[in-house]
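# Overview (structure and organization)
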Amino acid sequence: MQQHIFNSMRSLNMVDGCKGTQLCAFNPSVHGGAAAGTGLGEKFFQHLQDHLRVNSIRSSKSHRHNQSFSQSNNANTSVLKEALSGYGLPQTDFIEPSIDPCLKFVDNVDILADVYRKLEKCPQFDRSGVYIEQCSIFGGLPEAKLFRRCLRSARQHAVDVHSKVVISSWLRFERREDALFGVSAMDCCGWSMECPRSSLVSGYNPESLNDPCSCPRDFEEGGDMDSNVEIQECSISLSHDYDMDDDDYDTWFCIGEDEIKCNRFKFASLSRPFEAMLYGSFIESRREIIYFSQNGISAKAMRAAEIFSRTNRVDSLDPNIVLELLTLANRFCCDRMKSSCDSYLASLVNNMDNAMVLIEYGLEEGAYLLVAACLQVIFRELPNSLQNPNVVKLFCSSEARERLALVGHASFLLYSFLSQVSMEEDMKSNTTALLLERKGECAIENWQKQVTFHQLGCVMLERKEYKDAEKWFQEAVNLGHVYSLVGVARAKYKRGHKFKAYKLLNSLISDYTATGWMYQERSLYCNGKEKMMDLNTATELDPTLLYPYKYRAVVMAKEDKLSTSISEINKIISFKVSPDCLELRAWLLISLEDYEGALRDIRALLTLDPNYMMFHGKLHGDKLVELLCSHVQQWSQADCWMQLYDRWSSVDDIGSLAVVHQMLANDPGKSLLRFRQSLLLLRLNCHKPAMRSLRIARNHAMSENERLVYEGWVLYDTGYRAEAIAKAEESISIQRSFEAFFLKAYVLSETTTDPKSSFYVIELLEEALRCPSDGLRKGQALSNLASVYVDVDKLDHAVNCYMNALNIKHTRAHQGLARVYHLKNQRKAAYDEMTKLIEKVQYNASAYEKRSEYCDREMAKSDLAMATRLDPLRTYPYRYRAAVYMDDHKEAEAIAELTKALAFRLDLQLLHLRAAFHDSMGNVSSTLRDCEAALGLDPNHADTVELYRKAQERAHEQDQNGQRER
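Residues numbered from 1 in each chain as written. Predicted model: local features only at pLDDT ≥ 70, side-chain atom pairs only at ≥ 80, totals over all residues. Heavy atoms only, no water.

## A short note on the overall build of the protein chain
The secondary structure content of the protein chain amounts to 50 helices and four strands. Out of the 966 residues belonging to the protein chain, those deemed buried represent 57%. Looking at the protein chain alone, contacts between residues at least 24 apart form 62% of all its contacts between residues at least 6 apart. Of the accessible surface of the protein chain, which amounts to about 41,300 Å², a share of 49% is contributed by carbon and sulfur atoms. (Helix = DSSP H or I, 4+ residues; strand = E, 2+ residues; numbered from the N terminus. Buried < 20%, exposed > 50% of the residue type's maximum accessible area, 1.4 Å probe, protein only. Contact = heavy atoms within 4.5 Å. Areas by Shrake-Rupley, 256 points an atom, 1.4 Å probe, with all protein chains shown as cover.)

## Some points on the packing of aromatic side chains
According to the stated counting rule, one finds 26 aromatic pairs in the structure shown. On the basis of an interplanar angle of 20 degrees and a centroid distance of 5.1 Å, the ring pair of W170 and F417 is categorised as stacked. Residue W170 is located in helix α7 (residues 161–175), and its partner F417 is located in helix α18 (residues 412–425); the two are separated by 247 residues in the primary sequence. Like F417, W170 is buried. Consider the rings of F379 and F395, whose centres lie 6.2 Å apart with planes at 25 degrees: the pair is stacked. With F379 in helix α15 (residues 368–380) and F395 in helix α16 (residues 389–396), this residue pair connects regions lying 16 residues apart in the sequence. Its relative accessible area of 1% is what places F395 among the buried residues. Pairwise contacts between aromatic rings join F675, Y710, W713, Y716, F738, F742 and Y746 into one cluster. The ring of Y551 carries K531 above its face, with NZ or CZ at 4.8 Å from the centroid. Over the ring of F742 we find R777, and its NZ or CZ is 4.5 Å from the ring centre. (Phe/Tyr/Trp six-rings, centres within 6.5 Å; stacked < 30°, edge-to-face > 60°. Lys NZ or Arg CZ within 6 Å of the ring centre and 35° of its normal.)

## Some points on the nonpolar core
Counting 293 residues, the largest nonpolar core has F253, F274, M302, F379 and F395 as the members making the most contacts within it. The dominant element in this core, judged by the number of residues it contributes, is α15, at 10 residues. Once you skip the residues sitting within four places of it in the chain, F253 turns out to touch D258, E259, I260, C262, F267, M277, L278, I290, F292 and M302. (Core = buried A, V, L, I, M, F, W, Y, C linked by side-chain atoms within 4.5 Å.)

## Some thoughts on helix α38 (residues 738–751)
Taking 1.5 Å as the rise per residue, α38 with 14 residues should run 20 Å; its terminal C-alpha atoms sit 20 Å apart, in good agreement. Here α38 lies mainly inside the structure; 12 of its 14 residues are buried. Of the residues making up α38, those classed as buried are F738, E739, A740, F741, F742, L743, K744, A745, Y746, V747, L748 and S749. On its buried face, α38 sits against α34 (671–683), α36 (704–717), α37 (721–734), α39 (755–770) and α40 (775–791). (Expected span 1.5 Å × (residues − 1).)

## Some points on the pattern of salt bridges
For the structure shown, the criterion picks out 58 salt bridges. For E711, the salt bridge identified is with R707, shortest N-O distance 2.3 Å. Of this pair, E711 and R707 both sit in helix α36, four residues apart, which is roughly one turn of the helix. For E897, the salt bridge is made with K900, and the minimal N-O distance between the two is 3.7 Å. Note that E897 and K900 are positioned in helix α47 (residues 891–902) at a spacing of three residues, about one turn of the helix. (Salt bridge = Lys/Arg side-chain N within 4 Å of Asp/Glu carboxyl O.)

## Considering the environment of A768
In this structure, A768 sits in helix α39. A C-alpha to C-alpha distance of 5.9 Å links A768 and F742, two positions 26 residues apart in sequence. Setting aside anything within four residues of it in sequence, one finds A768 in contact with F738, F741 and F742.

## Re the packing of helix α20 (residues 446–462) against helix α21 (residues 466–478)
Between α20 and α21, whose axes approach to 8 Å, the crossing angle comes to 160 degrees. Here α20 is positioned roughly antiparallel relative to α21, judged by the angle of their axes. As α20 runs across α21, the sense of the crossing is left-handed. In this structure, α20 contributes Q450, F453, H454, L456, G457, C458, M460 and L461 to the contact, and α21 contributes Y466, D468, A469, W472, F473, E475 and A476. Taken together, the residues that form the contact of α20 with α21 break down as 10 nonpolar, three polar and two charged. (Axes fitted to C-alpha atoms, helices over the stretch in contact; angles between N-to-C directions. Parallel < 35°, antiparallel > 145°, perpendicular 65-115°, else oblique. Left-handed = near helix turned anticlockwise from the far one by under 90°. Nonpolar A, V, L, I, M, F, W, Y, C, P; charged D, E, K, R; others polar.)

## A closer look at the pairing of strand β2 (residues 258–262)
Two elements, strand β1 (residues 251–255) and β2, share five bridges in a ladder whose sense is antiparallel. What sits directly across from C254, in β2, is E259. Where β1 folds back onto β2 in an antiparallel hairpin, the turn is made up of two residues, including G256, whose phi is positive at roughly 65 degrees. (Pairing = 2+ DSSP bridges.)

## A closer look at α7
Residues spaced three or four apart along an α-helix face the same direction, because each turn holds 3.6 residues. Given a rise of 1.5 Å per residue, 15 residues ought to cover 21 Å, and the 22 Å separating the end C-alpha atoms of α7 matches this to within 8%. Buried residues dominate α7, accounting for 15 of its 15 residues. The N-terminus of α7 is capped by D160, whose side-chain oxygen sits 3.3 Å from the backbone nitrogen of H162. (Polar contact = N/O pair within 3.5 Å; in protein donor to acceptor, adjacent residues only side chain to side chain.)

## Details of the sheet that holds β2
One open sheet accounts for three strands, arranged β2-β1-β3; its pairing is mixed. Unpaired on one side and paired on the other, β2 and β3 (289–291) mark the two borders of the sheet. Within the sheet, the average angular offset between the axes of one strand and its neighbour, ignoring direction, is 25 degrees. Across three bridges, the pairing between β1 and β3 is parallel. Across the sheet, F253 pairs through a bridge with I290, a residue of β3.

See the structure below:
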């Protein structure tokens, strides 16, 4: 068993080919303050501009010559340095780590396993709620795709209209379709999962969610959704007799001077009250003429009720009459008529104006579907709709929540969605706090209360309301959320109780299995060597935490060790890119007068966060770019393309981002550049900025076929693979292009492993290469094509493709070529090829990892140790080392190696391998737990499913044997 596990490790470590190189996702830190220091920054900026203008010795002519530029640059360096020195070096007091506003656990594996077991045991109609619980766990992890997958599963198993409306809108919000030009809130995306109409249909039908939807054509052609409540005219006269004979009318209702004739039996069938009135002991039952003027019902509404009594339809009536008919139905308990009015009015809601008018009617009359339709429009307009004071009023007060509850539309799910949007927009706002309070009122289960109270604590901490923050954090702790103790300690510290905070963290570390975030937090409440020891321990336990690197870098900078300080911050930037770390490195580079390096980092930073404020919130990043540009050689657009080519080839993704940012400054509407930007961001696992760039690329596309390609990538990156392929095919039908063929090939290669499909992918990539494109993309396509050739055992073809890719400086092709040499049993050639890659690329953790496959065990250990130092998020080195331990019969060390990585990186392969190790050791309970956690990450992972089944059988046998022994 152990030898089999070790031998299978190399097959698990797949080459970065068609799928592309991916770093691990990151959790963006909160960026430096908002507008607190804007005034100071403005004054400084203006002063510096004047200072530079007066002291500059450059002439316009000298700009054309590098030598003259260099001389003028030297002359102005002291000016810039003197002006920027007003900000000093970064201060440790301003880099305090934020508290994650999400559920966080000491042992994520146990929690994931618990939720998976709960999911397996719960009735199918309750599964949607359990998936939402799973979402809350994944919300605290860096892998955004896990959250979206759970959200899709929650929608798939939703039963009631309310849940369908909220989750469908949430899925749409995740793609931020509000940012797409020409896309309205009620547009149907083409499949049932997010269709606004299918969301208003109650019932459990999980199989239909991926069905295509016919709504787009209906919406474009008008249909029922293109109605105006104010002005729509009745298409059929209210007095129409529908070919009834006069003998069929035997009763008249008199309202004022109007008489409405009706059929007594049919009208009585509308409700029990009407039946009692017309056939009971009331005097009206013996009269042909019934006076009805004192009931507040108009003649038009009564005539509409008579029509409904005969036709059971309201869709031919004026919407204003239907609104009154709804009131009549409510007053006289006409359930069937109320349902028809509710459904018809819901079909008319298609914009915010309609929604805000009709929701009041719906709330007043208890119209469930109408309120759902109005809420759907509001949700699909988020985040903009939260700027509407009437919308805020609708959700934020306790009275408003109670009104929604009376109609069945106040839920923990609804307020989870709204509060999440509001926190992303403005953590400190009153709206955020009020929505979280309402969320707490809707919370029923323990985990719901934990996350709500913890988030309220985070909001109050941001608002500097420390007493309230401590109260809410303590509430979460009392319910079992251990991580909220960090919030309690932070609030105590802010209130001046530093020693109490320290004692609290001491107790936390002694009572639970120590984690990196525990030591990081305790470091805030101690000084000197003790503080540095805690930070070092935090990094050892969790190397993904940003604060320890930042703090050590700042301390080194204060000691005038700027180069060492930059090396320290480089350690984290090499595998986890965040705006605050880029800012810190830029700040340090400015102190070293490396303005070109600083400008690179600031441009990359602004790609991640265009509104970032530098120097602890005192100066906008754009203005600092403007200042530094005066001291750095500027490139033409042609020069930029050359620089981009070089950086892309050397896998300098941050440098590439900076070049693209400069190019976009000159040509902001260039969709091709935005697309390149999104590719770089995805390679760095900066998913939200990447999606923003893709949306901008789509909005600025010059042609329909180009727009479709970008829409396809948005769909693919948010989990809609079939829909992405459809977009690519539609683009190809308009015009054959490299990107359309490449998109289709890429998605197909991810979707299926069928050999026939592989040959089709080859055809698509060959078609792509026949279309015009630049070397950057063609190099990627050649490398992808070679990777597929390897999959179908056409190694010579693969070599040709990789060599062609290398000829146009697609450096990653070295990795694929090494794989081919290895398959041909040419291990030395494979090793040498990876050595070439290591020498060429800037971030080479992946290269060291791959090279380890082509050398002996000791050299492999050395390469993998280097890979872990450069990028501790790469899981293969841990799996390899654990497999070596198992081969040497060091089971405890093997488990410890995997456990160390799982403490900060929940990974399917790590969990599966640890489960397999536990299984080989006969530890059934641990095998089951790890399998359950792994299946929580991917319920369809075949190897884990099989291992889990066998472990369950053994557990069942053990239980039976135990019962017989008793």
